[in-house]
Every structure is written in C-alpha cells, then in structure tokens.
Amino acid sequence: MGKNIRFILWLSGWSPFLFSQNVQMTLTDLVGHAEKIVRVRVVDTRARWMTDHRGTHIYTNVTIDSRDYVRGRGGGIFSIQVMGGTVDSISQWVSHMPVFETGEEAFLFLSNDNQLIGGSQGKLRIQEDRVHGAGAGMDTESFRARIQAIVERRDRPARDLEKSV
C-alpha cells in the first residue's frame, strides 16, 4: 500500500489494526494445535493475484523442502500458501502473516492440509542454527527436544488410556 493511500486511510480514521484478530499463542499452544511440525528450507516463492470470496488479493505460494518432521508425517517437497506478497511493483502486506524468503530455514507448525497454525506465530525462523520467535534464540536441537517433550506430555494421557482398554 502506498504512503499516500496509508495517509488517506489514517486521516479517515480507518486502520487495519481495528479489524485484525491475533490470539497470542505459547509454544505449547502451537504444538497442541499443529498436526505437523516440520523443519524446512524455502525453495521458492511466487506471488500472484487471486480472486476469492474476500475480493482480489496477492497470495504467495511457498515451495518447501521438508528437512525433519518432529510431529506428523510427510516428506520431500510441498507447498503452502500465504496471503500477501509482491507482484510487479505492487506489494500487499497482511498483518500477522509471515513473509518467506528463498533459502531461509524455519520450523513450521501446520494443519494436515498445510495451513499455518497461528499465522506468523506458526513460522519460527532458523538462523545460524538458532530458532527465533517462540524459540528465543535456542539452538535447533534443544528446540526440537523441547517440542518433543511437549508432544510426549500432551499424548501421554491418550496412550495411558489405550493401555487400560
């Protein structure tokens, strides 16, 4: 959105923050809602215009190379789609949606149909073998172990119930 348009919207009293909804999620919340937790490397991003029930917007298709599934199953190359991106010289930024860059690594918290859990909270960037975001600079192996411990703790009652049946 250009500076002039943002200024006009600000003058008119309209703010995108009035309409955004963001529920802060802890790492335990992310793990609890995610059916897949995977360490990935971004292979490619391609933005395009799309029309849906909300109107015409820019969406970015992100091609992902899965490196390690901490929870769930899958493998190889897959894609996710996020709102926002740049087509030609027009950019659309959507609050609480992550931006992906080719070559970056991250942990993603996904539903079974590869939708990000918690918007931008569902992408934790990895840089120099450290996890940023909810990982707060933790090294990737320690972060992975922390996720596994949360999964074990959450899944334990179900396993105990199965043993008693």
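Residues numbered from 1 in each chain as written. Predicted model: local features only at pLDDT ≥ 70, side-chain atom pairs only at ≥ 80, totals over all residues. Heavy atoms only, no water.

### Section: the overall build of the protein
Next up, step 1: In terms of regular secondary structure, the protein is built from three helices and nine strands.
Next up, step 2: Counting only residues that meet the buried cut, the protein has 35% of its 165 residues in that class. (Helix = DSSP H or I, 4+ residues; strand = E, 2+ residues; numbered from the N terminus. Buried < 20%, exposed > 50% of the residue type's maximum accessible area, 1.4 Å probe, protein only.)

### Some details on the confidence of the model for the protein
Next up, step 1: On average, residues of the protein carry a pLDDT of 84, and 78% of them reach 70 or more.
Next up, step 2: In the model of the protein, helix H1 (residues 3-11) stands out as the element of lowest mean pLDDT, 43, in contrast to strand S6 (residues 105-110), which has the highest, 97.
Next up, step 3: Below a pLDDT of 50 lies the segment residues 3-20, which in the model reaches seven contacts outside its immediate sequence neighbourhood of four places, other chains included. (pLDDT = per-residue confidence, 0-100. Contact = heavy atoms within 4.5 Å.)

### As for the pairing of S6
Next up, step 1: The buried count for S6 comes to five of six residues, which makes it a mostly enclosed element.
Next up, step 2: Relative to S6, strand S1 (residues 36-52) is paired through six bridges, and the arrangement is antiparallel. Its bridge partner lying in S6, Ile37 is registered against Phe109.
Next up, step 3: Bridge count between S6 and strand S7 (residues 123-127): four bridges; the pairing is antiparallel. Opposite Phe107, over in S7, you have Leu124 as the bridge partner. (Pairing = 2+ DSSP bridges.)

### Quick look at the sheet that holds S7
Next up, step 1: On the basis of which strands lie adjacent, the open sheet formed by seven strands has the order S3-S2-S1-S6-S7-S8-S9 and antiparallel pairing. Of all the strands in the sheet, the pair left with one neighbour each is strand S3 (77-83) and strand S9 (138-139).
Next up, step 2: With seven bridges connecting them, strand S2 (residues 55-71) and S3 associate as antiparallel partners. From the neighbouring strand, Asn61 faces S3, where its bridge partner is Gln81.

### Side note on the layout of surface pockets
To find leftover empty space, a probe the size of one water molecule is rolled over the atoms.
Next up, step 1: Of the pockets and cavities examined, the second largest pocket occupies roughly 180 Å³.
Next up, step 2: Contributing to the lining of the second largest pocket are Arg54, His57, Met83, Gln92, Trp93, Val94 and Met97.
Next up, step 3: When grouped by side-chain class, the residues that make up the lining of the second largest pocket number four nonpolar, two polar and one charged. (1 Å grid on protein atoms, 1.4 Å probe; cavity = no way out; pocket = protein on both sides within 12 Å on 5 of 7 lines; lining within 4 Å. Points joined across faces, edges and corners; volume = space filled by probe spheres on them. Nonpolar A, V, L, I, M, F, W, Y, C, P; charged D, E, K, R; others polar.)

### What about unusual backbone geometry?
Next up, step 1: Even without glycine at this site, His96 takes up a positive phi of about 65°.
Next up, step 2: Unusually for a residue other than glycine, Glu128 sits at a positive phi of about 50°.
Next up, step 3: The residue Glu128 is located in the loop between S7 and strand S8 (130-131) in this model.

### Quick word on the pattern of salt bridges
Next up, step 1: Under the definition given, this model contains seven salt bridges.
Next up, step 2: Each of Arg41, Asp65 and Arg67 takes part in one network of salt bridges that share partners. (Salt bridge = Lys/Arg side-chain N within 4 Å of Asp/Glu carboxyl O.)

### Thoughts on the packing of aromatic side chains
Next up, step 1: Considering all chains together, one arrives at one aromatic pair under this definition.
Next up, step 2: When the centroid spacing of 5.1 Å and the interplanar angle of 50° are considered together, the rings of Phe107 and Phe143 count as tilted. With Phe107 in strand S6 and Phe143 in helix H3 (residues 140-164), this pair connects stretches of sequence that are 36 residues apart. Here the two residues Phe107 and Phe143 agree in accessibility, since each one is buried.
Next up, step 3: A cation over an aromatic ring shows up here: Lys123 above the ring of Phe100, its NZ or CZ 4.6 Å from the ring centre. (Phe/Tyr/Trp six-rings, centres within 6.5 Å; stacked < 30°, edge-to-face > 60°. Lys NZ or Arg CZ within 6 Å of the ring centre and 35° of its normal.)

### Points about the pairing of S3
Next up, step 1: The two faces of S3 differ: Phe78, Ile80 and Val82 on one face are buried, but Ile77, Ser79, Gln81 and Met83 on the other face are not.
Next up, step 2: Between S2 and S3, which pair antiparallel in sequence order, lie five residues; one of them, Gly72, sits at a positive phi of approximately 85°.

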